Amino acid sequence: MTGLRRPGIAAGAALLALAAAGCSGLGRTAVGTVNYETEGARVITVSNPLVTGCHRMAPTGAHRVENATLIDMLLYTTPNCTGPGSNAYTGTTLFNNIAPGTAPWRSYSFVH
């Protein structure tokens, strides 16, 4: 009976290690694209961005953002993903348009 337990314990430990590594977010990408429109209707597409970190947009910012990834994102009016009250939650496969006369989105991060 002990001969069967050791392989089972080893297999369980290996699966647990793989699951922990998969959830860490290190090196993972948000599968899909982030598409945004800048002033002058220029469309920029970012394919498979990293899940971690802050991602800057074009210097003029974005007036319309499409989250076509599999991970929800936060949009910020600052270039460094900070600032209270200056962000918006945008779920996967959704769009976000700024209201006329408001500051454009300048950076984004992913919820993970």
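Residues numbered from 1 in each chain as written. Predicted model: local features only at pLDDT ≥ 70, side-chain atom pairs only at ≥ 80, totals over all residues. Heavy atoms only, no water.

K.L.:
So what's going on with the overall build of the protein? Which residues, and what values?
P.N.:
Per the secondary structure count, the protein includes one helix and eight strands. Beginning at the N terminus, the succession of helices and strands in the protein can be written as α-β-β-β-β-β-β-β-β. Taken as a whole, the protein presents about 6,800 Å² of accessible surface, with 63% of it coming from carbon and sulfur. (Helix = DSSP H or I, 4+ residues; strand = E, 2+ residues; numbered from the N terminus. Areas by Shrake-Rupley, 256 points an atom, 1.4 Å probe, with all protein chains shown as cover.)

K.L.:
For the state of the cysteines, give the residues involved together with the corresponding values.
P.N.:
Across all of its chains, the model carries one disulfide by this definition. Sulfur-sulfur distance for the disulfide between Cys54 and Cys81 comes to 2.1 Å. Judged by the sign of its S-S torsion, about 85 degrees, the bond between Cys54 and Cys81 is right-handed. One end of the pair, Cys54, is in the loop between strand E2 (43–47) and strand E3 (55–56); the other, Cys81, is in the loop between strand E5 (73–76) and strand E6 (87–90), with 27 residues separating them in the sequence. The class of Cys54 is partly exposed, set by a relative accessible area of 35%. Exposure remark for Cys81: the relative accessible area of 14% places this residue in the buried category. (Disulfide = S-S within 2.5 Å. Buried < 20%, exposed > 50% of the residue type's maximum accessible area, 1.4 Å probe, protein only.)

K.L.:
I'd like a description of the sheet that holds strand E1 (residues 32–38), backed by residues and values.
P.N.:
Taken together, the four strands give an open sheet; going across it, the order is E2-E1-E4-E7, and neighbouring strands pair in antiparallel fashion. The open sheet has two free edges, formed respectively by E2 and strand E7 (94–97), since each of these has just one partner strand. Each neighbouring strand pair of the sheet contributes to a mean axis angle of 15 degrees, computed without reference to strand direction. Bridge analysis of strand E4 (residues 62–69) against E7 gives four bridges, and the strand direction is antiparallel. Its bridge partner being in E7, Glu66 is matched across the sheet by Phe95. (Pairing = 2+ DSSP bridges. Axes fitted to C-alpha atoms, helices over the stretch in contact; angles between N-to-C directions.)

From the geometry alone we can't say anything about function, so treat these as descriptive.
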